[in-house]
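Listed below are the residues making up each chain.
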Amino acid sequence: MHRALREQLANILGTEIRRVSSLAGGCVAEVVRAEGADGQSVVVKAGGAGGALDIEGWMVRELAERTALPVPRVLHAASEMLVLAWVDETTVDTGAVVNPSLGPGDSGNHLADLLVDLYEVVPGSCSFGLERETLIGPLPLPNPVMESWSAFFAHHRLMHFARGAHEAGQLDASTLARCERLAGDLDGVLMEPDRPSLLHGDVWSGNVVTGSGRVLAMIDPAIFRGDPECDLAFIALFDTGGPRFFERFHERRPIGEGFFERRMLVYQLYPLLVHAHLFGGGYAAQVADRLTRLGY
C-alpha cells in the first residue's frame, strides 16, 4: 500500500517521498504522514469513506474560504485520496492567532474565541441545512434546506441517526420509539435562533489540533448551518475545551438559559447516535440515559 501511495504522492506533490508513517484515527480511511525530499510534510487519507474523501476536502475549503477558523491547507482532494498540509507549531505562526486578552497557554480560551468568531460570520443564507449532503465520519449527513431549526434537527439529525443506529442493530425498538416521542415535541424544547450559523459540526478533542497553548487547526469538519448550541453540546459531551471554555464563550456570546439543563441533552443525542451506529458499546445506553433525563 505505502509503495503505491508514495508514487501517487510524488506525482501530486512533485517531489520524492522519503518517509511514510501511520497515524492514529483511521475511522474513515487509512491516515498517514508523508515527508517529501523537499522537506514538505503532509497528512494523507486514502481509501475508505465510500469514496467520498473529496467531500471532506470541500468542507475544509469552505471553512478556509468563508471563515477565519484555522484549518489545514488542502493540497489534493479526490474521492479516494485527501492530502492536507501537516500542521504543528513549526508550520503555524501561533502569534498571529493569539487574542492578546487571553492568558498564555490556554487553548480552551482560544477555542472559545475561534468559535464565537465563526458563529458571527453571516453564512449567506437564512435557512438551516446546506446546499449539499456532507459527512460526519463515514456516515452521510443529510442537509435539506429548511426554515425551521427544530424541524431540521428533529428529522435530519435526531431521527435520521436514530433510525440508522436501529437499522445497524445498535439501538433497540423501544429506544427508537422514545426518540420519536421526543422528536415530536422538539418545537417546544429547542429555541429557534435569530439566524443560522455555519457550524464545524464535529468539535471533539481529536479534531482540535493544539500546540503552544493555542488551537493550531480544526480538522474533520461535518459542516452545516444550524444553532451554535449544537456544537457546544459536542464540546460538553467530549470535554473538548477544558474548564475555561464555557466561561470564556459565555463572556463573549451569552449562552441561553436552560441550555445546560435541557437543550444540551437533546443535542448530545446526535453525536451519541452517530457513535452508537459506528461503535455500539455503551453509546446506546448513553442515548437512553439522555432520554430518561429529558423525561422520555
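Presented here is a report on the structure given in the accompanying data block. This is a predicted model, so every value here is computed, not measured. Each chain has its residues counted from 1, following the order in which its sequence is written. Where local features are concerned, this predicted model is filtered to residues with pLDDT of at least 70; where side-chain atom pairs are given and counted, the filter is 80 or more; whole-chain, interface and lining totals use all residues. Note that the side-chain values use all heavy atoms of the structure and ignore hydrogens as well as water.

1. Digging into the pattern of salt bridges
Threshold: The working definition used for a salt bridge is a side-chain nitrogen of Lys or Arg within 4 Å of a carboxyl oxygen of Asp or Glu. Under the scheme used here, helices are H or I runs from DSSP no shorter than 4 residues and strands are E runs no shorter than 2 residues, and both carry numbers assigned from the N terminus. Each residue gets one of three labels from its accessible area relative to the maximum for its type: buried under 20%, exposed over 50%, partly exposed in between, using a 1.4 Å probe on protein chains only.
Scanning all chains against the criterion turns up 15 salt bridges. The salt bridge partner of Asp113 is Arg252, with a shortest N-O separation of 3.3 Å. Placement of Asp113 in helix 3 (residues 107-120) and of Arg252 in helix 7 (residues 245-252) is noted, with a sequence separation of 139 residues between them. Judged by relative accessible area, which is 31%, Arg252 ranks as partly exposed. Each of Asp113, Asp117, Arg244, Glu247, Arg248, Glu251 and Arg252 takes part in salt bridges that share partners, so that together they form one network.

2. Details of the packing of aromatic side chains
Stated precisely, the cut-off is as follows: Stacked, tilted and edge-to-face are the three classes applied to pairs of Phe, Tyr and Trp rings, where Trp contributes its six-membered ring and a pair requires centres within 6.5 Å; stacked means planes under 30 degrees apart, edge-to-face means over 60, and tilted covers the rest. The rule is short: NZ of Lys or CZ of Arg within 6 Å of the ring centre and within 35 degrees of the ring normal puts a charge over the ring.
Per the counting criterion, the structure on display carries 17 aromatic pairs. Seen in terms of ring centroids, Phe246 and Phe260 are 5.2 Å apart; in terms of plane orientation they differ by 75 degrees. Their pairing is edge-to-face. A residue pair is termed long-range when its members are at least 10 positions apart, and Phe246 in helix 7 and Phe260 in helix 8 (residues 259-279) qualify at 14 residues. Of the residues examined, Phe246 reaches a relative accessible area of 19% and is grouped as buried. In this structure, Arg132 is placed above the aromatic ring of Trp58, and the distance from its NZ or CZ to the ring centre is 4.6 Å.

3. Some details on the sheet that holds strand 4 (residues 74-78)
Worth spelling out the cut-off: Only when DSSP finds a minimum of two bridges between them are two strands counted as paired. Orientation is described by lines fitted to C-alpha atoms, with helices fitted over the stretch in contact, and by angles between N-to-C directions that extend from 0 to 180 degrees. Here a residue-residue contact requires only that any non-hydrogen atoms of the pair lie within 4.5 Å.
If you walk across this open sheet you meet the five strands as 1-2-3-5-4, and the pairing is antiparallel. Edge strands, defined here as strands with exactly one partner in the open sheet, are strand 1 (17-22) and strand 4. Averaged over neighbouring strand pairs, the angle between their axes works out to 20 degrees when direction is ignored. Pairing between strand 3 (residues 41-46) and strand 5 (residues 81-85): five bridges, direction antiparallel. By the bridge assignment for strand 5, Val44 is matched with Val83. The sheet contacts of helix 1 (residues 2-13) involve strand 1, strand 2 (30-36), strand 3, strand 4 and strand 5, and relative to strand 1 the element is tilted by about 125 degrees. Across the sheet, helix 2 (residues 53-66) is in contact with strand 3, strand 4 and strand 5; its angle to strand 4 comes to roughly 145 degrees.

4. A short note on the pairing of strand 10 (residues 214-218)
Sheet faces and side chains relate simply in a regular strand, where the side chains alternate between the two faces. Counting buried positions along strand 10 gives five out of five residues, so the element sits mostly inside the fold. Adjacent in sequence and paired antiparallel, strand 9 (residues 208-211) and strand 10 are bridged by two residues, among which Ser212 carries a positive phi angle near 55 degrees.

5. Considerations on helix 5 (residues 173-185)
Here is the rule: A helix's residues, less one, multiplied by 1.5 Å, set its expected span. The arc in question is the one traced by the directions running from the helix axis out to the C-beta atoms. We call two N or O atoms a polar contact when they sit within 3.5 Å, provided that within protein one can donate a hydrogen and the other can accept it, with sequence-adjacent residues counted only if both atoms are side-chain atoms.
For helix 5, built from 13 residues, the straight-helix expectation of 18 Å at 1.5 Å per residue is met to within 8% by its first-to-last C-alpha distance of 19 Å. Inspection of helix 5 places Thr175, Leu176, Arg178, Cys179, Leu182 and Ala183 among the buried residues, and these make up the whole buried set. Seen from one end, helix 5 has its buried residues packed into an arc of 160 degrees, which puts them on one side. Those residues of helix 5 that are buried lie in contact with helix 4 (149-167), helix 8 and helix 9 (283-294). Its side-chain oxygen placed 3.2 Å from the backbone nitrogen of Ser174, Asp172 serves as the N-cap of helix 5.

6. A look at helix 6 (residues 228-238)
Counting buried residues along helix 6, nine of its eleven residues qualify, which places the element largely inside the surrounding structure. The set of residues buried in helix 6 consists of Pro228, Glu229, Cys230, Asp231, Leu232, Ala233, Phe234, Ile235 and Leu237. Two or three places before Glu229, at the opening of helix 6, Asp227 has a side-chain oxygen 2.9 Å from that residue's backbone nitrogen. Taken from the residues just after helix 6, Asp239 is the one with a positive phi, measuring 50 degrees.

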